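# Summary of the model geometry
The lines below spell out each chain.
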Amino acid sequence: MKTMKLLGIVLIGAGIAGTAWSAPYVVMPDGNRVAGSAIRALANGDINLTTDMGIRTFPKGSYAKAVADKPAEYDQAAAALAAKKYDDAAKLLAGIVASHRFLEWDVQAAKLLPQALLGKGDAEGAVQAYERLYLLAPAEKQTPDVAWGHRRALMAAKQYAALARQLDAVAAAGPRSEAARAQTMRGDVQLAQNNVELAALDYLRTAILFQDVKDPAIQGEAHFKAAAALEQLRDPRAKDLYKKVVSDYGASPYAAQAQGKL
């Protein structure tokens, strides 16, 4: 399927560059796949699939998913993103979202777009991109990587109230590991507003109240950030927390930084 001329619009955000699909096909609600040689989505969501028997139309709502061949622009966008050519990546991804509506690649491109927008410093645009992604694919709101990307965008955009509501919900009802991450990000919100003492308390809550969460990435981050906040407050207990990051959470990305503090 030919890709439409790229549109210079900003739409949406986080996928996997290596994703690959076979020839165009439509997945029915019962899971059966109908393969074809060409596919086209109409503006109303109907799908025209060219098969050996001719063109078959699938009205919107009668199929579970329609998938086109991966557009060449997708890999180009992923490469641009990896090379930190964020403007190029954003334009390519926005073009795919527009030209592949209802054909799966709109969602895949939409999951990457916020990364490009954040990279170019457009945090507000990244937040809006996530919101548009959820309109395209509501289930993505429950995907952890997407949800945390959205929260990072809210943080970068300084939309603290909206972020706090999300964090409160995750801390109250999410899995323990997710709740621990939410508690740590609460500290980030406080620190971003220069509330260092409150930030230290939030980081320490993760370290103390979520000891059952053994993930070194989660605990290493909480302990390191608690130590850094205490160091700002000139609290001598900071050194002990840095030591704990090194000794107990050596697999954490923060371990090397903690070592440098000793």
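Anything mentioned here points back to the structure above.
One structure accompanies this document, and this report is about it. (Residues numbered from 1 in each chain as written. Predicted model: local features only at pLDDT ≥ 70, side-chain atom pairs only at ≥ 80, totals over all residues. Heavy atoms only, no water.)

### Here we look at the nonpolar core
Rule in force here: Buried Ala, Val, Leu, Ile, Met, Phe, Trp, Tyr and Cys residues that are joined via side-chain atoms within 4.5 Å together make up what is termed a nonpolar core. Whether a residue is buried, partly exposed or exposed follows from its accessible area with a 1.4 Å probe, protein chains only, as a fraction of its type maximum: under 20%, in between, or over 50%, in that order. Helix and strand labels come from DSSP, where a helix needs a run of H or I of at least four residues and a strand needs a run of E of at least two; each type is numbered from the N terminus. Note on contacts: a residue pair is in contact if any heavy atoms of the two residues lie within 4.5 Å.
Of all hydrophobic cores here, the largest spans 42 residues; its most connected members are Leu93, Leu133, Leu163 and Leu167. Secondary structure elements with two or more residues in this core: strand S1 (25–27), helix H1 (72–82), helix H2 (86–99), helix H3 (105–119), helix H4 (123–136), helix H5 (144–156), helix H6 (160–173) and helix H7 (176–192). Setting aside anything within four residues of it in sequence, one finds leucine 93 in contact with Ala77, Ala109, Leu112, Leu113 and Ala116.

### Side note on H5
Because each turn of an α-helix spans 3.6 residues, side chains separated by three or four positions in sequence point in the same direction. Our working definition: Any helix carries an expected span of 1.5 Å times its number of residues minus one.
When the terminal C-alpha atoms of H5 are compared, their 18 Å separation across 13 residues agrees well with the 18 Å that a helix rising 1.5 Å per residue should span. Listing the buried residues of H5 in full gives Val146, Ala147, Trp148, Gly149, His150, Arg151, Ala153, Leu154 and Met155. Those residues of H5 that are buried are in contact with H3, H4, H6 and H7. Lysine 158 sits one or two residues past H5 and shows a positive phi near 60 degrees.

### A look at the packing of H4 against H5
Relative orientation and spacing of two packed helices are given, respectively, by the angle between their axes and the distance between those axes. Applicable threshold: Structural elements are reduced to axes, namely lines fitted to C-alpha atoms, with helices fitted over the stretch in contact, and the angle between N-to-C directions of any two is expressed from 0 to 180 degrees. Put simply, angles under 35 degrees are roughly parallel, angles over 145 are roughly antiparallel, angles from 65 to 115 are roughly perpendicular, and the rest are oblique. Put simply, a crossing is left-handed when the front helix is turned counterclockwise from the back one by less than a right angle, and right-handed when it is turned clockwise. All residues other than Ala, Val, Leu, Ile, Met, Phe, Trp, Tyr, Cys, Pro, Asp, Glu, Lys and Arg, Gly among them, are scored as polar; the first ten of these are nonpolar and the last four charged.
Axis separation between H4 and H5 bottoms out at 8 Å; the angle between their running directions is 150 degrees. Between H4 and H5, the interaxial angle falls into the category roughly antiparallel. Where H4 crosses over H5, the two elements pack in a sense that is left-handed. Listed contacts from H5 to Ala123, Ala126, Val127, Tyr130, Leu133 and Tyr134 of H4 are Val146, Ala147, Gly149, His150, Ala153, Leu154 and Ala156. Of the residues that constitute the contact of H4 with H5, the class distribution is 11 nonpolar, two polar and no charged.

### A look at the packing of helix H9 (residues 216–232) against helix H10 (residues 237–248)
Put simply, H9 and H10 touch, their axes get as near as 8 Å, and they point 160 degrees apart. For the element pair H9 / H10, the angle class is roughly antiparallel. For the pair H9 and H10, the sense of crossing is left-handed. Between H9, through Gly220, His223, Phe224, Ala226, Ala227, Ala228, Leu230 and Glu231, and H10, the contact on the second element is made entirely by Arg237, Ala238, Leu241, Tyr242, Lys244 and Val245. When its residues are assigned to classes, the contact of H9 with H10 shows nine nonpolar, two polar and three charged.

### Some thoughts on unusual backbone geometry
Positive phi, normally seen in glycine, also occurs at glutamate 104, with a value near 75 degrees. Mapped onto the elements of the fold, glutamate 104 is located in the loop between H2 and H3. For glutamate 104, a relative accessible area of 14% corresponds to the buried category. The phi torsion at asparagine 194 lies on the positive side, around 65 degrees, for a residue other than glycine. Counting through the fold element by element, asparagine 194 comes out in the loop between H7 and helix H8 (196–209).

### Overview of the environment of glutamine 193
For clarity, the threshold we go by: Residues adjacent in sequence count toward polar contacts only when both atoms are side-chain atoms; beyond that, a polar contact is any pair of N or O atoms within 3.5 Å, and within protein one must be able to donate a hydrogen and the other to accept it.
Position of glutamine 193 relative to the elements: it lies in the loop between H7 and H8. Sequence separation between glutamine 193 and lysine 158 is 35 residues, and the spatial gap between their C-alpha atoms is 9.3 Å. Within the structure, the side chain of glutamine 193 is placed 3.1 Å from the backbone oxygen of valine 189, a separation counted as a polar contact.

### Quick word on H3
The condition is simple: Here the bend at each residue means the angle between axes fitted to two seven-residue stretches, the one ending at that residue and the one beginning there.
A rise of 1.5 Å per residue sets the reference length of H3, with its 15 residues, at 21 Å; its end C-alpha atoms lie 21 Å apart and thus fit the reference within 8%. At leucine 112, H3 shows its maximal kink, close to 30 degrees; a proline, proline 114, follows between one and four residues later. The element H3 is extensively covered by neighbouring structure, given that 12 of its 15 residues are classed as buried. Among the residues of H3, those classed as buried are Trp105, Asp106, Val107, Gln108, Ala109, Ala110, Lys111, Leu112, Leu113, Pro114, Ala116 and Leu117.

### With respect to the pattern of salt bridges
Think of it this way: side chains of opposite charge can pair up when their charged atoms draw near. Condition: A carboxyl oxygen of Asp or Glu within 4 Å of a side-chain nitrogen of Lys or Arg is what we treat as a salt bridge.
Tallying each qualifying case throughout the model produces 13 salt bridges. One salt bridge in this structure joins glutamate 140 and lysine 111, with 3.7 Å as the shortest N-O distance. In this pair, glutamate 140 sits in the loop between H4 and H5 while lysine 111 sits in helix H3, placing the two residues 29 residues apart along the sequence. Lysine 111 gets classed as buried once you look at its relative accessible area, which sits at 13%. Lysine 244 serves as the salt-bridge partner of aspartate 248, at 2.7 Å between the closest nitrogen and oxygen. Of this pair, aspartate 248 and lysine 244 are both found in helix H10, four residues apart, which corresponds to roughly one turn of the helix. Here aspartate 248 falls in the partly exposed class, since its relative accessible area comes to 42%. Residue classification places lysine 244 among the partly exposed positions, given a relative accessible area of 31%. Several salt bridges share partner residues, and in doing so they unite Asp188, Glu221 and Lys225 into one network.

By themselves, these observations are geometric and do not establish any function.
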